[in-house]
Amino acid sequence: YPNPNDGRFNIRINSTLYGFLGMQVYSSAGQLVHRQSFTNLVFGQVIPIDLSKLPSGPYMVKFFYDGGIRTADKTFTVVIGRQ
């Protein structure tokens, strides 16, 4: 949140499964434009994300974790717009 935004937004960790969380950001053309990882996460933690160096437009932001036997990912659309 918020979405759309100026490239700066937050995600909240609402699970105890995420000790490690990876993030990959893709342009609307499918090109990987940013990669980042987060560690030592706790339930309820808010993580600030800064993609303000990217041009305005829609991006697919993929979050993933690998908890040994359990692996999962989720992808969200984030719109960066400047006035």
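Structural notes, computed from the coordinates. Note that the coordinates shown come from a computational prediction; the quantities given were computed from them, not determined experimentally.

**Let's talk about the pairing of strand S1 (residues 8-12)**
So, point 1. Side chains Phe9 and Ile11 of S1 all project onto a buried face; the interleaved residues Arg8, Asn10 and Arg12 project onto a face where none is buried.
So, point 2. With five bridges joining them, S1 and strand S4 (residues 46-50) adopt antiparallel strand pairing. Directly across from phenylalanine 9, in S4, lies its bridge partner isoleucine 49.

**What to know about the pattern of salt bridges**
So, point 1. As enumerated under the stated definition, the model contains one salt bridge in all.
So, point 2. With a closest N to O distance of 2.8 Å, aspartate 6 and arginine 8 form a salt bridge.

**Points about the nonpolar core**
Side chains of a nonpolar character, in soluble globular proteins, are inclined to be buried together.
So, point 1. Residues Met23, Ile49 and Leu51 are the most contacted members of the largest nonpolar core, which totals 17 residues.
So, point 2. Isoleucine 49 has contacts with Gly7, Arg8, Phe9, Ile11, Met23 and Phe38, leaving out every residue within four places of it along the chain.

**A look at the pairing of strand S3 (residues 32-39)**
So, point 1. Direction of pairing for strand S2 (residues 20-27) relative to S3: antiparallel, over a ladder of seven bridges. By the bridge assignment, glutamine 24 is partnered in S3 with arginine 35.

**Thoughts on the packing of aromatic side chains**
So, point 1. Using the criterion set out here, one finds two aromatic pairs in the structure.
So, point 2. Measuring from centroid to centroid gives 6.3 Å for phenylalanine 63 and phenylalanine 76, while their planes differ by 55°, and the two rings are tilted. Of this pair, phenylalanine 63 sits in strand S5 (residues 57-67) while phenylalanine 76 sits in strand S6 (residues 70-80), placing them 13 residues apart in sequence.

**Some details on the side chain of glutamine 24**
So, point 1. By the secondary structure assignment, glutamine 24 is in strand S2.
So, point 2. For glutamine 24, a relative accessible area of 15% translates into the label buried.
So, point 3. Side-chain polar atoms of glutamine 24 contact the side chain of tyrosine 26, separated by 2.8 Å.
So, point 4. With residues near it in sequence (within four places) discarded, glutamine 24 still touches Leu32, His34, Arg35, Met60, Val61, Lys62 and Phe64.

**Brief notes about the side chain of serine 27**
So, point 1. With respect to the secondary-structure elements, serine 27 resides in strand S2.
So, point 2. If we skip the residues at most four places from it in the chain, serine 27 touches Val33, Pro58 and Tyr59.

What counts, and where the lines are drawn
- Residues numbered from 1 in each chain as written.
- Predicted model: local features only at pLDDT ≥ 70, side-chain atom pairs only at ≥ 80, totals over all residues.
- Heavy atoms only, no water.
- Buried < 20%, exposed > 50% of the residue type's maximum accessible area, 1.4 Å probe, protein only.
- Helix = DSSP H or I, 4+ residues; strand = E, 2+ residues; numbered from the N terminus.
- Pairing = 2+ DSSP bridges.
- Salt bridge = Lys/Arg side-chain N within 4 Å of Asp/Glu carboxyl O.
- Core = buried A, V, L, I, M, F, W, Y, C linked by side-chain atoms within 4.5 Å.
- Contact = heavy atoms within 4.5 Å.
- Phe/Tyr/Trp six-rings, centres within 6.5 Å; stacked < 30°, edge-to-face > 60°.
- Polar contact = N/O pair within 3.5 Å; in protein donor to acceptor, adjacent residues only side chain to side chain.

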